[in-house]
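Examination of the molecular architecture
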Amino acid sequence: MEDERVNKEYDSSSIQVLEGLEAVRKRPGMYIGTTSSRGLHHLVWEIVDNSIDEALAGYCKHIEVTVCKDNSIIVKDDGRGIPTDIHPKTGKSTVETVYTVLHAGGKFGGGGYKVSGGLHGVGASVVNALSDWVEVKVYRDGNIYYQRFSHGGHPDDELKIIDHCDKDRTGTTVHFLPDDEIFTETTVFDYDILKTRLKELAFLNKGLRISLYDEREAEKKDSFYYEGGIVEYVEMLNKNKNPIHETIVDIEGADKDIKVEVALQYNESYNESVYSFVNNITTPEGGTHEDGAKRALTRIMNKYATTNGILKEKDDPLTGEDCREGLTMIISVKHPNPQFEGQTKTKLGNSEVRGIVDKIFSESFERFLMENPDQARVIIDKSMTASRARVAAKKARELTRRKGDLDVTNFYGKLSDCKSKDATISEIFLVEGDSAGGSAIKGRDSMTQAILPLRGKILNVEKARLDRALGNEEIRTIITAFGTGIGEEFDLSKLRYHQIIIMTDAYVDGSHIRVLLLTLFYRFFRPIVEAGHVYAAQPPLFCIKHGKTIKYVLNEEERDEYLASLSPNTKYDISRMKGLGEMDAEELNETTMDIHKRILRQITVEDAIAADEVFSKLMGEEVEPRREFIETNAPHVENLDI
Ligand code: 1YM
């Protein structure tokens with residue numbers, strides 16, 4: 001009687017488990033966001049997160065990730081090993097439970113800083129559901145346990161001891177092959193995506209070694225280990241930016257279960273590079289942890305400057321922006337129960353965190369300033385200068401406005417505006433040079449397409465503050481055309497064109513001006529880039545004619561592909577395209593402007609930190625890193641997505 005009841009429960013829970021995994025396979029997007037390349041890589045992060053949690057609990061020192069020849073993935077750690085005992089709720093081993101019951105991961109563990117998966121912190125069972133097969137090995141109590149799952153999470157057998165090992169050896173190894181019936185777009189892992197995130201995880205978890213191997217290519221491997229954690233992160237970010245003081249400020253503290261780490265250092269640039277994380281997840285929308293640190297920074301800077309007679313009573317206090325000019329800062333918080341808010345659920349909402357970070361930050365930062373008066377002086381002076389420049393920029397803005405320069409009605413000579421006033425359907429082409437500008441004006445659809453020819457050279461804003469940028473005529477014209485204002489006045493809702501299209505040649509000169517424009521947008525109009533309004537036109541490189549057909553192609557690869565697709569006896573004519581400036585209106589319309597024929601590439605800020613690095617290298621003062629970057633990336637620079 002008793003046995004029968006247990007069996008019944010066992011059977012019904014098994015059915016529920018399979019139904020759960022089946023639900024994941026039916027709607028994978030619900031669990032991992034997408035089944036594109038991003039979703040594919042998400043599987044790795046789910047498994048790695050379990051190892052990271054084990055590291056946060058203090059038991060794991062080394063994580064290894066291997067991409068195998070068949071694009072299967074092995075994740076291995078030296079933690080305690082997933083428990084192998086029978087789980088009281090499921091009647092099966094904990095290993096099987098973790099790999100087959102939805103959301104079992106953190107819940108069964110209890111406590112800790114789980115949720116590292118962020119938006120889709122869904123656990124190992126989802127990886128199992130979306131894999132062709134999964135093999136789990138656990139080293140624990142001198143035994144090697146093994147279980148295999150296949151066809152979307154079905155156990156081949158129960159967890160079994162397959163061998164013995166040294167009693168001291170513990171850990172978990174998971175090997176899986178993503179299911180190509182689910183990941184129809186691609187099942188190929190991108191080494192650089194894995195490398196970037198694993199490096200970031202190593203920075204965020206000091207003392208943890210993370211290694212990456214690629215068996216698809218000989219000798220491809222990396223290993224990351226940062227004794228100093230985010231202090232070394234700041235050091236790397238500032239490498240090409242000329243730090244203005246020696247010591248990287250290292251702040252660490254905890255209040256109950258909430259751990260706070262901040263590292264910061266000022267550099268010569270005028271840009272703010274503040275990046276925050278919660279449980280190793282980036283929080284680009286900020287939140288209470290970032291607010292707390294910024295608030296404390298501004299308060300302590302003003303306090304120190306006033307106490308030491310640098311800021312006089314008659315002076316305006318330093319604003320937050322003044323205090324963050326040239327600042328590189330990483331804020332990393334570990335929280336047992338984070339609440340994420342905002343449009344993309346990447347903003348920390350827990351209100352208690354603001355005060356906790358503020359307190360820990362202000363105590364340490366004030367001590368740093370007092371103990372290092374020389375460095376303190378350099379930092380305060382930088383903010384004082386920023387404050388004066390801000391006032392000057394405001395005056396410059398007012399002046400230009402008074403002169404009418406920033407008034408749209410006054411510069412129609414330059415801008416050929418479109419007739420439509422509906423921003424959602426309006427486009428502006430930023431065109432290099434007058435002759436291409438002339439053709440573009442003739443070739444456009446004047447209802448929705450505005451043309452702004454850029455004549456002079458655009459200032460490199462990586463090396464300039466807002467007040468100097470406003471002195472540049474081309475930049476002023478762009479600001480006026482966009483309608484958003486700039487700096488403190490910036491207002492995205494006033495943007496007059498939802499598609500901003502940079503139209504430059506495919507050749508080297510064109511890419512230079514494109515990078516200058518992208519730098520301008522990235523530094524001064526970042527919300528426009530983030531909202532996906534910026535595009536690069538892609539003028540074709542070749543024109544292929546056969547019979548009455550004219551085909552434009554972007555590059556050699558496409559040319560060869562197209563030619564190969566023609567039947568063998570097609571007689572054809574191929575020509576290299578002229579530069580934009582030499583095309584007539586019809587050609588320009590046909591190749592680059594007609595919304596039905598043209599190819600646009602959306603500029604995205606995929607990874608703010610990586611973009612920041614690229615921009616500093618490309619546009620900064622230092623020549624050597626720039627040359628190095630261009631030399632190693634020359635073939636890709638054309639495809640630079642900031
Ligand atoms: C390569 C993947 O999963 N490592 C891992 C997972 C766990 C533990 C250790 C662990 C956690 C706990 C206690 C605990 C997990 N355990 C569970 C659960 N690497 C990998 N290493 N003992 C071991 O959290 O208390 C889920 S994950 F639920 F069984 F505790």
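Residues numbered from 1 in each chain as written. Predicted model: local features only at pLDDT ≥ 70, side-chain atom pairs only at ≥ 80, totals over all residues. Heavy atoms only, no water.

Turning our attention to the pairing of strand β12 (residues 273–278). Across the six residues that make up β12, a large majority, six, are buried. Of the pairings in the sheet, the one linking β12 to strand β14 (residues 327–334) comprises six bridges and is parallel in character. The residue of β14 that forms the bridge with S276 is I331. For β12 and strand β13 (residues 281–282), the ladder comprises two bridges, and the chain directions are antiparallel. Paired with V278 across the bridge in β13 is I281. Turn length for the β12-β13 hairpin, with the two strands adjacent in sequence and antiparallel, is two residues, and the turn residue N279 shows positive phi of about 50°. (Buried < 20%, exposed > 50% of the residue type's maximum accessible area, 1.4 Å probe, protein only. Helix = DSSP H or I, 4+ residues; strand = E, 2+ residues; numbered from the N terminus. Pairing = 2+ DSSP bridges.)

Another point: the nonpolar core. Counting 106 residues, the largest nonpolar core has Y99, I428, F482, F521 and F525 as the members making the most contacts within it. Residues contacting I428, with those up to four places away along its chain left out, are L415, A450, L452, A481, F482, Y497, Q499, I500 and I501. (Core = buried A, V, L, I, M, F, W, Y, C linked by side-chain atoms within 4.5 Å. Contact = heavy atoms within 4.5 Å.)

One open sheet holds the three strands; their spatial order is β22-β21-β23, and the pairing between them is antiparallel. Each end of this open sheet is capped by a strand with a single partner; those strands are β22 (549–553) and β23 (573–576). Looking at each pair of strands side by side, their axes are set apart by 20° on average, direction ignored. In this fold helix α18 (residues 556–565) packs onto β21 (542–546), β22 and β23, with an angle of close to 15° to the strand it touches most, β21. (Axes fitted to C-alpha atoms, helices over the stretch in contact; angles between N-to-C directions.)

Within the open sheet, the five strands sit side by side as β18-β17-β19-β20-β24. Their pairing is mixed. Edge positions in the sheet fall to β18 (449–454) and β24 (600–602), since each of these pairs with one other strand and no more. For this sheet the average axis-to-axis angle between neighbouring strands, irrespective of direction, equals 25°. Pairing geometry for strand β19 (residues 499–503) and strand β20 (residues 534–537), over three bridges, is parallel. Bridge pairing in β20 links I500 to V534. The strands touched by helix α13 (residues 434–443) within the sheet are β17 (427–432), β18 and β19, with β18 carrying the most contacts at an inclination of about 170°. Helix α19 (residues 585–593) rests against β17, β18, β19 and β20 of the sheet, and its axis sits at about 120° to β19.

With that out of the way, let us pick up the site of the ligand. Neighbouring the ligand are 18 residues, the closest being S51, E54, D77, G81 and T94. Side-chain polar atom of D77 to a nitrogen atom of the ligand: 2.7 Å apart, as the coordinates give it. T172 places a side-chain nitrogen or oxygen 3.5 Å from a nitrogen atom of the ligand. Of all the secondary structure elements, the ones that give two or more residues to the shell around the ligand are α3 (37–56), β2 (73–77), α4 (94–100), α5 (104–109) and β7 (171–178). Examining the composition of the shell around the ligand, we find that four residues originate from one element, α3, more than from any other. Of the residues that constitute the shell around the ligand, the class distribution is seven nonpolar, seven polar and four charged. (Near = heavy atom within 4 Å. Polar contact = N/O pair within 3.5 Å; in protein donor to acceptor, adjacent residues only side chain to side chain. Nonpolar A, V, L, I, M, F, W, Y, C, P; charged D, E, K, R; others polar.)

As a further point, take the pattern of salt bridges. Inspection of every chain in the model, using the stated rule, returns 31 salt bridges. R197 serves as the salt-bridge partner of E200, at 2.7 Å between the closest nitrogen and oxygen. Here E200 pairs with R197, and both are found in helix α7 (residues 191–204), just three residues apart, close to one helical turn. A single burial state applies to E200 and to R197, both of which are buried. For R377, the salt bridge is made with D381, and the minimal N-O distance between the two is 3.4 Å. Taken together, the positions of R377 and D381, both in helix α12 (residues 373–403) and four residues apart, correspond to about one turn of that helix. A single salt-bridge network, built from bridges that share partners, covers E272, E290, K294 and R324. (Salt bridge = Lys/Arg side-chain N within 4 Å of Asp/Glu carboxyl O.)

Here we take up the environment of L177. Tracing the backbone through its elements, the reader meets L177 in strand β7. Residue L177 is classed as buried on the basis of its relative accessible area of 17%. The contacts of L177, once residues within four sequence positions are left out, are D70, N71, S72, S131, D132 and W133.

Across the chain, pLDDT averages 87, with 88% of residues at or above 70. Counting contacts from residues 105–111, a segment whose pLDDT is below 50, to residues more than four positions away or on other chains yields three contacts. When the criterion is pLDDT under 50, residues 115–121 qualifies, and its contacts beyond four places in sequence or with other chains add up to 18 contacts. (pLDDT = per-residue confidence, 0-100.)

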